[in-house]
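# Structure assessment
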Amino acid sequence: MSNRDRLRSGVVVRRPWMVEAARRLIAVPSPNPPLDTSAVVAEAARLLREAVPAASLEVIALAEGVTNLVAILRGRAAGRRVVLSGHLDTYPVLEDLPWSVDPLGGELRDGRLYGRGACDMKGGIAASMAAFAALAEQRDAWAGEVVLALAGDEESMGTLGTRWLLDNRPELRGDAILIADVGSPEVLRFGEKGFLWFEVEAAGKAAHGAHVHLGLNAAERLMEALSAITRLRDVAVPTPPAIAEAIARAAPTSERLAGAGESQVLRAITVNIGVMEAGISPNLVPASARARGDIRLPVGISCAEAERLLHQALDALPGIAWRVLRRSEPSHTDPGHEIVRRVAQAAAEVRGTAPAVNMRVGGSDARLFRADGLPTVVYGPTPFGMGGADEYVLVDDLAVVAETYALAVWDLLGP
């Protein structure tokens, strides 16, 4: 048996350990908000010390309970560095939802592992840990470093999580970054859309609803502004040819999983008006109104260009003020990059079928690595009930991710 075959066998035999690791992480609540990941990072550190004693560990406690963990595994000689990244904060547990299981119990039923964070993304972290542990057994046969970076802050933009680690820990700057965030083992994601969250306020003049001639309706002014914003959907965006080709090739698989229309959404500006507030009574002209929304930007348009379009659409409207609340640039790694090829080849070997290679609609910490010029892919389990009741992940998905990551890292670092 070759060392590579031993590596894969080492992942397979760790399947029960991987499930137990995920259950132990799920059992420690780490909702965001409130943002406190100190307890779950302590549990992750215990798991790693038990399973991977050869790794060096650093627990990094920052403000208000946000805690990160960095584990480093070194091979037989100097070489490239591969980073396995994940986040330990989750959506709030929301016990009042109609859970049929204990949201922190990590119940295993019919190949499904239940609990808050099971798919997003404590299950993916457990899969990365299993790959990390198997690679430790073979560390005399590969050169370089494998870094496991577990961030304590992702759901609130990663300022004290991956962004902080990239700015303060050089170990995060790898030659390849693999993130087991949610998606599907059938699709490898090499990029994601950017976004602008915005707020629009409209000022008017109050009056009685029977005397509209004496007032200025802020709600109507807001409606005009929002109509102008939604017209950004019609802006043609020049998608780079390699990305357009990848989206088209992936469409049959990707749209079967993510819904018809995903391919168009990946190439277009989308606008979602999420919050609207105006008035206090049907028979009063509102003096103020406000809305907040989310604009998603495909590769081919920058945040600066989108903001220019917003200025053009809104600045001349009477009584309207607006501002950007959050922004993130679209990001991608070249779909022909070695990291994409290696992970796709490893996934094909494990699954027997090559995954589709596509962009990602939702955001992840991958954008932070790519913003610093680091080649990054997202390949993780299928999400079920994410953020809702009975969140779960398929154990078979976790096994595929763990084997794929171990083989991809081996192939990136070489024997």
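Use the structure listed above.
Report on the accompanying structure. (Residues numbered from 1 in each chain as written. Predicted model: local features only at pLDDT ≥ 70, side-chain atom pairs only at ≥ 80, totals over all residues. Heavy atoms only, no water.)

A separate point is the pairing of strand β2 (residues 67-74). Looking along a regular strand, one sees side chains alternate from face to face of the sheet. The element β2 is extensively covered by neighbouring structure, given that seven of its eight residues are classed as buried. Inspection of the sheet shows strand β1 (residues 56-61) paired to β2 by six bridges, in the antiparallel sense. Its bridge partner being in β2, V59 is matched across the sheet by L69. Between β1 and β2, which pair antiparallel one after the other, the connecting turn spans five residues, and E64 there sits at a positive phi close to 55°. In this structure, β2 lies alongside strand β6 (residues 145-151), joined through six bridges in antiparallel fashion. Within the sheet, the bridge partner assigned to I72 lies in β6 and is V147. (Buried < 20%, exposed > 50% of the residue type's maximum accessible area, 1.4 Å probe, protein only. Helix = DSSP H or I, 4+ residues; strand = E, 2+ residues; numbered from the N terminus. Pairing = 2+ DSSP bridges.)

Before going further, it helps to spend a moment on the nonpolar core. L73, F132, V146 and L178 are the most contacted members of the largest nonpolar core, which totals 96 residues. With near-sequence residues (within four places) excluded, L73 lies in contact with V52, A54, A55, F132, L135, A136, R139, W142, G144, E145 and V146. In terms of nonpolar packing, the next biggest core, distinct from the first, is built from 28 residues, V200, A225, L310 and I320 among them. (Core = buried A, V, L, I, M, F, W, Y, C linked by side-chain atoms within 4.5 Å. Contact = heavy atoms within 4.5 Å.)

What follows covers the layout of surface pockets. Reported here for the largest pocket is a volume of approximately 760 Å³. V182, R360, G362, G363 and M386 are, among the 29 residues lining the largest pocket, the residues nearest its centre. Mapped by element, the contributors of at least two residues to the lining of the largest pocket are β8 (187-192), β9 (194-203) and α7 (241-258). At three residues, the largest contribution of residues to the lining of the largest pocket is made by α7. (1 Å grid on protein atoms, 1.4 Å probe; cavity = no way out; pocket = protein on both sides within 12 Å on 5 of 7 lines; lining within 4 Å. Points joined across faces, edges and corners; volume = space filled by probe spheres on them.)

For D153, the location among the structural elements is in the loop between β6 and α5 (162-168). Buried and unpaired, D153 has R326 as its nearest opposite-charge partner, separated by 7.9 Å. A polar contact is formed between the side chain of D153 and the backbone nitrogen of T159, at a distance of 3.0 Å. A polar atom in the side chain of D153 sits 2.9 Å from the backbone nitrogen of L160. (Lys, Arg positive; Asp, Glu negative; His and termini not counted. Salt bridge = Lys/Arg side-chain N within 4 Å of Asp/Glu carboxyl O. Polar contact = N/O pair within 3.5 Å; in protein donor to acceptor, adjacent residues only side chain to side chain.)

So, about the sheet that holds strand β11 (residues 270-278). If you walk across this open sheet you meet the four strands as β11-β13-β9-β14, and the pairing is antiparallel. The open sheet terminates on both sides in strands that have one partner only, identified here as β11 and β14 (320-328). Here the strands of the sheet are splayed against their neighbours by 15° on average, with no regard to which way each runs. In the packing of helix α6 (residues 218-230) onto the sheet, contacts are made with β9, β11, β13 (288-297) and β14, and the angle to β9 comes to roughly 155°. (Axes fitted to C-alpha atoms, helices over the stretch in contact; angles between N-to-C directions.)

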